[in-house]
Amino acid sequence: MGVTTRRVDDPKTQSDVARAAAALRAGGLVLLPTETVYGLAADAADARAVAAVYAAKGRPSFNPLIAHVADVAAARRIARFDERAERLAARFWPGPLTLVLPVADTEAVSDLARAGLDTVAVRAPAHPLAHALLQAFGGPVVAPSANRSGRPSPTTFADAVEETGAAAAVALDGGPCRIGLESTVVALLDEARLLRPGAITRAEIEALIGPLAEAEADAKRSPGRLTRHYAPQSPVRLEAEAPRPGEAWLAFGPGADGPFNLSPTGDLQEAAANLFAYLRAADRTRPSAIAVAPIPDVGLGEAINDRLRRAAGFVG
């Protein structure tokens, strides 16, 4: 199953991508790298394949999936773009931004993938392997994070295989994920709303389209909004000044001891990239809990703290 990829224009890689596209057309699942996290991909139009993703992840059917497309033109075929969507896509695509828009083609993204909603979440990922597969496949692909539901998202090929590799017909190895944090999600239905923070920050979005309302009115339309999400097996204790006996220590900043310092220099981008991998690694030590140092709640820190609160079960 496993495929180790090199350059996208390498003949072996092209063959692997063609195999993955064929697997999708046949209703199979594919482990897919993106710049955010690894995804478990399926044909968005094939409800049986989408159901297989839900089954592999243990994911509730009311949690919608993101439709991944190759470019803006492909997105316009499945979603209704307004001027705000055009502006954001022009600035941030391909990249880690998902737009929730009115659905334009209910056949291309199945009702199951949309969780029965009249909207669709869509993005164009920036990872070259993801783009190559989307071009080869020629249609939208759902690709939720390749973890079991509620577990930390995989940011390395090995972790993706460990989580849901048994369900995949083909697995594409694109190396460690550059960002390591799921995409920002913005709903553009009436008011623009930030449904999930991510690497594209609130400030960057508001600079283009104005103030963002809070998520509540459209929260159900976003992936990743379950109460206990991104959770390891061990309890998570937030805003900890130091670990207690028996706890694993997820540190942040200079001067902190231990193997799981999200960023010894206090770099939020580095912390985001390390977050899920370190949660996993800390959890594997079977601690009584995972104590997490305070993370500044600015810029990318807003997204990191959002994931940590979900891991601790504090966000619904």
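It should be noted that the structure appears before, not after, this text.
Source: prediction; values computed, not measured. Every residue gets a number counted from 1 within its own chain, in the order that chain's sequence is written. With pLDDT at 70 or above as the cut-off, local features in this predicted model cover only qualifying residues; side-chain atom pairs require 80 or more to be listed or tallied, and sums for whole chains, interfaces and linings still use all residues. By convention in this description, side-chain values take in all heavy atoms of the structure and omit both hydrogens and water.

Draft legend 1. Fine view of unusual backbone geometry. Residue Pro94 is bonded to the preceding Trp93 through a cis peptide linkage, with omega at -10 degrees. Located in the positive-phi region is Ala115, a residue other than glycine, with phi close to 55 degrees. Here a strand is any run of E in DSSP of at least two residues, a helix any run of H or I of at least four, and the numbering for each starts at the N terminus. Looking at the element boundaries, Ala115 is found in the loop between β5 (97-102) and β6 (119-123). Look at Glu239: it is not a glycine, yet its phi comes out positive at around 55 degrees. The residue Glu239 is located in the loop between β11 (236-237) and β12 (247-250) in this model.

Draft legend 2. Up close: the sheet that holds β11. Sheet architecture is open: three strands sit in the order β11-β13-β12, paired in parallel fashion. The two strands at the open ends of the sheet, each matched to only one other strand, are β11 and β12. As judged from the two bridges shared by β11 and strand β13 (residues 289-292), these two strands associate in the parallel manner. Of the residues in β13, the one forming a bridge with Arg237 is Ala291. Lying on the sheet, helix α8 (residues 268-284) is in contact with β12 and β13; it crosses β12 at an angle near 160 degrees. By this definition, two strands are paired if DSSP reports at least two bridges between them. Should any heavy atoms of two residues lie within 4.5 Å, those residues are considered in contact. Convention adopted: a line fitted to C-alpha atoms gives each axis, helices being fitted over their contacting stretch, and angles between N-to-C directions are expressed from 0 to 180 degrees.

Draft legend 3. Main features of the nonpolar core. Only buried residues count toward a nonpolar core. Its members are Ala, Val, Leu, Ile, Met, Phe, Trp, Tyr and Cys residues joined through side-chain atoms within 4.5 Å. Under the scheme applied here, a residue whose accessible area is under 20% of the maximum for its type counts as buried, over 50% as exposed, and between as partly exposed, the area being computed with a 1.4 Å probe on protein chains only. Among the nonpolar cores identified, the biggest contains 49 residues, and Trp93, Leu97, Leu99, Leu188 and Ile205 are the most heavily contacted of them. Looking at which element gives the most residues to this core, the answer is helix α2 (residues 47-57), with five residues. Leave out the neighbours within four places in its chain, and Leu99 touches Ala85, Leu88, Trp93, Val120, Ala121, Val122, Val186 and Leu188. Ala251, Ala272, Ala291 and Val292 belong to the second-largest nonpolar core, a separate cluster that totals 29 residues.

Draft legend 4. How the structure looks around the pairing of strand β9 (residues 184-188). With five of five residues buried, β9 lies mostly within the body of the structure. Across the two faces of β9 the burial is the same, with Thr184, Val186 and Leu188 and Val185 and Ala187 all buried. Sheet analysis places β5 next to β9, joined by four bridges and oriented parallel. Across the sheet, Thr98 pairs through a bridge with Val185, a residue of β9. Alignment of β9 against strand β10 (residues 192-196), held across four bridges, turns out to be antiparallel.

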